[in-house]
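As a plain string of letters, each chain reads:
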Amino acid sequence: MRLLRQIHAHTCTRLLPTSVASFALSKIHAFAALSPLGDATYARRLFSQMDNPNVFSWNSMIRASSRQPSSSKEPIFLFKKMLRTGRFIPNSYTIAFVLKACSVLAAAGEGRQVHKRALQCGFESNPFVQTSLVKLYARCDYICDARKMFDEIADKNVVAWSTMISGYAKTGLASEGLILFREMQVAGVEPDEVTMVSVISACAVAGTLELGKWVHTFLKKRKIEMDVELSTALVNMYAKCGCIDRAQEIFKAMNVKDAKAWSSMIMGFAIHGLADDALNTFSEMEDAMVKPNDVTFVGVLLACAHSGLVPAGRMYWSKMMDYGIEPSMELYGCMVDLLCRTGTLDEAYAFVETMHITPNPVIWRMLLGGCKKRGNLDPGESISRKLLSVEQNNAENYILLVALYASASQWDKVKLVRKDMQDRGIKPVPGCSYIEVGGFLHKFLMADWCHPDAHEIKEALKDISNRVSSAGHSPLTSFVLHNIGEQEKATALCEHSERLAIAYGLLKTKAPMIIRVVKNLRVCGDCHEVTKIISKVYSREIVVRDRVRFHKFSEGICSCNDFW
DNA sequence: GTAGGGTTAG
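All values reported here derive from a predicted model rather than from experimental measurement.

Peer 1: I keep staring at helix H8 (residues 127-139) and nothing clicks. Help me out?
Peer 2: In an α-helix there are 3.6 residues to a turn, and that puts residues three or four apart on one side. For H8, spanning 13 residues, the distance from its first C-alpha to its last is 18 Å, which sits close to the expected 18 Å at 1.5 Å a residue. On its buried side, H8 packs onto helix H6 (92-105), helix H7 (108-120), helix H9 (143-152) and helix H10 (158-170). Between a side-chain oxygen at the N-terminus of H8 and the backbone nitrogen of Phe128 the separation is 2.8 Å; the capping residue is Asn126. Asp141 occupies a position one or two residues after H8 and carries a positive phi of about 75°.

Peer 1: Honestly, the pattern of salt bridges in this entry has me stumped. Any pointers?
Peer 2: Oppositely charged side chains can form a pair if their charged atoms are brought close together. Evaluated as defined, the whole model comprises 14 salt bridges. Note that Asp145 and Arg112 form a salt bridge whose closest N and O atoms lie 2.8 Å from each other. Taken as a pair, Asp145 in helix H9 and Arg112 in helix H7 lie far apart in primary sequence, 33 residues in all. Here Arg112 falls in the partly exposed class, since its relative accessible area comes to 33%.

Peer 1: For this particular structure, what's the right way to read the confidence of the model for chain A?
Peer 2: Low pLDDT means the predicted atomic positions in that stretch should not be read closely. Taken as a whole, chain A shows an average pLDDT of 79; of its residues, 76% reach a score of 70 or greater. Counted against residues more than four places away or in other chains, residues 473-477, with its pLDDT under 50, gives 14 contacts. Throughout residues 479-564 the model reports pLDDT below 50, and contacts reaching past four residues in sequence, or to other chains, amount to 223 contacts.

Peer 1: Help me out: how do you make sense of the UniProt feature "repeat: PPR" (unreviewed entry) in chain A in this one?
Peer 2: What UniProt calls "repeat: PPR" (unreviewed entry) maps, in this numbering, to residues 157-191, 258-292 and 394-428. The straight-line gap between the two end C-alpha atoms of residues 157-191 is 10 Å; of that span, 74% is helix and 0% is strand. Span residues 394-428 is 77% helix and 0% strand, its end C-alpha atoms 8 Å apart.

Peer 1: Which parts of the structure should I look at to understand the packing of aromatic side chains?
Peer 2: The geometry of an aromatic ring pair comes down to the distance between the two centres and the angle between the two planes. Within this structure, the stated rule accounts for 12 aromatic pairs. When the ring of Trp214 is compared with that of Phe218, the centres are 5.3 Å apart and the planes differ by 40°; the resulting orientation is tilted. Linking Trp214 with Phe218, this pair stays in helix H13 (residues 209-221), spanning four residues, or about one helical turn. Overall, the relative accessible area of 0% leaves Phe218 in the buried class. Measuring from centroid to centroid gives 5.1 Å for Phe251 and Trp262, while their planes differ by 80°, and the two rings are edge-to-face. In this pair, Phe251 is assigned in helix H15 (residues 244-253) and Trp262 in helix H16 (residues 259-271), connecting sequence segments 11 residues apart. One exposure class covers both Phe251 and Trp262, and it is buried. A cation over a ring is seen here: Lys156 above Phe150, with NZ or CZ 5.2 Å from the ring centre. The ring of Trp262 carries the charged tip of Lys257 above its face, separated from the ring centre by 5.5 Å.

Peer 1: Explain the side chain of Ser264 here, please?
Peer 2: Its place among the elements puts Ser264 in helix H16. The exposure class of Ser264 is buried, given its relative accessible area of 14%. Setting aside its immediate chain neighbours within four residues, Ser264 contacts Thr232 and Val235.

Peer 1: Hey, could you run me through the packing of H6 against H8 in this one?
Peer 2: Two quantities define a packed helix pair, namely the angle between the axes and the distance from one axis to the other. Here H6 crosses H8 at 15°, and the two axes come no closer than 9 Å. Taken as axis vectors, H6 and H8 run roughly parallel relative to one another. Viewed along their axes, H6 and H8 form a crossing whose handedness is left-handed. In this structure, H6 uses Ser92, Ile95, Ala96, Leu99, Cys102, Ser103, Val104 and Leu105 to contact H8, whose residues at the interface are Phe128, Val129, Ser132, Leu133, Lys135, Leu136 and Arg139. In terms of residue class, the contact of H6 with H8 is built from 10 nonpolar, three polar and two charged.

Peer 1: Before we go on, may I ask you to explain the environment of Val194 in this structure?
Peer 2: One can find Val194 in helix H12 (residues 193-206). The exposure class assigned to Val194 is partly exposed, which follows from its relative accessible area of 47%. Measuring from C-alpha to C-alpha, the distance between Val194 and Val158 comes to 9.0 Å, with 36 residues separating the pair along the chain.

Peer 1: Just checking my understanding: could you explain a positive patch on the surface for this structure?
Peer 2: Taken together, Arg67, Lys100, Lys135, Arg139, Lys170 and Lys260 make up a surface patch of like positive charges. According to the relative accessible area criterion, Arg139 is partly exposed, its value standing at 41%.

Peer 1: What am I meant to see in the side chain of Ser60 here?
Peer 2: Locating Ser60 in the fold gives a position in helix H4 (residues 55-67). On the accessibility criterion, Ser60 (5% relative accessible area) is buried. Ignoring anything within four residues of it in the chain, the contact list for Ser60 reads His29, Ala30, Ala33 and Leu34.

The rules behind these values
- Throughout, residues of each chain are indexed from 1 in the direction in which the sequence is written.
- Chain A is the first chain written and ligand 1 is the first ligand written, with later ones labelled in order.
- Owing to the predicted nature of the model, reporting of local features is limited to residues with pLDDT of at least 70; listing and counting of side-chain atom pairs is limited to 80 or more, with chain, interface and lining totals taken over all residues.
- Neither water nor hydrogens contribute to the side-chain values; these are computed over all heavy atoms in the structure.
- To qualify as a helix, a DSSP run of H or I must reach at least 4 residues; to qualify as a strand, a run of E must reach at least 2; elements of each kind are numbered from the N terminus.
- Helix span, expected: 1.5 Å multiplied by one less than the number of residues in the helix.
- Any two residues whose heavy atoms approach within 4.5 Å at even a single point are treated as in contact.
- The definition of a polar contact used here is a pair of N or O atoms within 3.5 Å, where within protein one atom must be able to donate a hydrogen and the other to accept one, and adjacent residues in sequence count solely through side-chain atom pairs.
- Note on definitions: salt bridges are taken to be side-chain nitrogens of Lys or Arg within 4 Å of carboxyl oxygens of Asp or Glu.
- Exposure categories follow from relative accessible area, calculated using a 1.4 Å probe and restricted to protein chains: below 20% of the type maximum is buried, above 50% is exposed, and the middle band is partly exposed.
- Confidence of the predictor in every single residue is expressed as pLDDT, which spans 0 to 100.
- UniProt positions are given in the numbering used here, feature names are shortened, and annotations may be inferred rather than shown by experiment.
- Each Phe, Tyr or Trp ring, with Trp reduced to its six-membered ring, pairs with another whose centre is within 6.5 Å; inter-plane angles below 30 degrees give stacked pairs, above 60 give edge-to-face pairs, and intermediate values give tilted ones.
- The criterion is that NZ of a Lys, or CZ of an Arg, lies within 6 Å of the ring centre and within 35 degrees of the ring normal, and then a charge sits over that ring.
- Lines fitted to the C-alpha atoms define the axes, with helices restricted to the stretch that makes contact. Angles between their N-to-C directions range from 0 to 180 degrees.
- By the definition adopted for this analysis, an angle is roughly parallel if under 35 degrees, roughly antiparallel if over 145, roughly perpendicular if from 65 to 115, and oblique otherwise.
- Helix crossings fall into two classes, left-handed where the near helix is turned counterclockwise from the far one by less than a right angle and right-handed where it is turned clockwise.
- The classification used treats Ala, Val, Leu, Ile, Met, Phe, Trp, Tyr, Cys and Pro as nonpolar, Asp, Glu, Lys and Arg as charged, and all other residues, Gly among them, as polar.
- A patch consists of residues exposed above 30% relative accessible area that lack any salt bridge, with like charges linked at up to 9 Å and nonpolar side chains (Val, Leu, Ile, Met, Phe, Trp, Tyr) linked at up to 5 Å.
- Using a 1.4 Å probe, the Shrake-Rupley method yields the accessible areas, and only the shown protein chains count as cover for residues.
- Positive charges come from Lys and Arg alone, negative charges from Asp and Glu alone, with His and the N- and C-terminal ends not counted.
- Note on charges: their place is set at NZ of Lys, CZ of Arg, CG of Asp or CD of Glu.

In structure tokens form, the structure reads like this:
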């Protein structure tokens, strides 16, 4: 900045041709606004003093303002201001910067307006504008619009492909992302480390361990440098796919660990029910002087919730406040979940009333679930009203209410709710889960019987249940053992045949259906209820909808034919 | 001077 000030002074005191002075000032401004060594206040002052800032300078201002950590709409206001002057026509850079700002804010409405403007200005074929639009729509959950934009790109480069793959992964459409990765290879576009991060992310969402391992080998083969993002993605993928040991290996080998890396590891332990490991990792993080963020605490509180550590949960909540972290909806959710597990519904309800943001349906649903658990009709009905007033079309809400009335033997009301559902045309969505065993992807849908091994799987599940019982544990205990960290004990109760692996796999964290069950565990609470949930899982009719053959990936050869 | 990456409750 000292040098820049000198140059600035020089520019002002010399009689330079206007065009030269204007060019120099815009560069000086850009440096002050955008360089890590710059000075935002200086830049702002300089900008306000410019007689006639050019489009370049407006762009610098817009870009700089969207880099501020506070998510304000300033970049959009600046853009509007620029248009209002009537003297400036935005160029493709302007549009790209504003679109990026809209993506960060997930501002779909503003984004669409900027999109229109981009068309008016004739930037529909600009690759930067196009990719920004893909990103924007994916970010705002308009994944079809994102795909439309992507398809319109004539010459798709690695950035365009990566954006779309990442968009799919982030919206939970993992298999679409993986299919697109395949298409990218067919198209002959070389993936880079950014692409691979998104692909790994998609593997994590889909729970495709074999594919995830293949990608890992691919990275090594290609000697793609392991940066913090790639390693974090791998930690997350292995953890989500049930390989917590491998996740930990990769984590330990990381030279640089930032808050996201630590959070991934903590979250990994938490979803495996390894509360001690999660909490110890958190302590190590503090020792390493890495400042935890909100997601870190989601992991920590999740670990507490899954192990019924209520006092610890309260302690971490206040610790979180000490760190100055503003509780997000997810964090409130973790805490409500934790409190609902203890049997102190009043405390959970009182906690919700202290929230400084409006509770979303998830929060109400957790409370309602808590009421259902104890047949607590009184607050249950009023909570249900609140829930249905903000979310009328979710079948889950009605089913919970039905269950609440059923738990209190109010059969007339059960009928009424069912009729209400019918009148509104609301149909329940059956639960679904996937597991990959020996290179096959098995998909299970509730009440479906198409899996070729359905009967054997059912038998295997029964077998596990029986052996768990005969070992002196109820199925509940087995689940609890598994989820409070005594994984070995739980694992020892199973054999290693493939059929059992499928069955056991279902019991592990990666199947969404099981995750739901595990999260519903009331470790300190009502055993009867949990046993009921688990027995539902055991006797669930299991079927494969489709059986996709994964290619056996040999040695990480990465030609497109070897993929899938 | 532009576009793409990792962690988030039910």
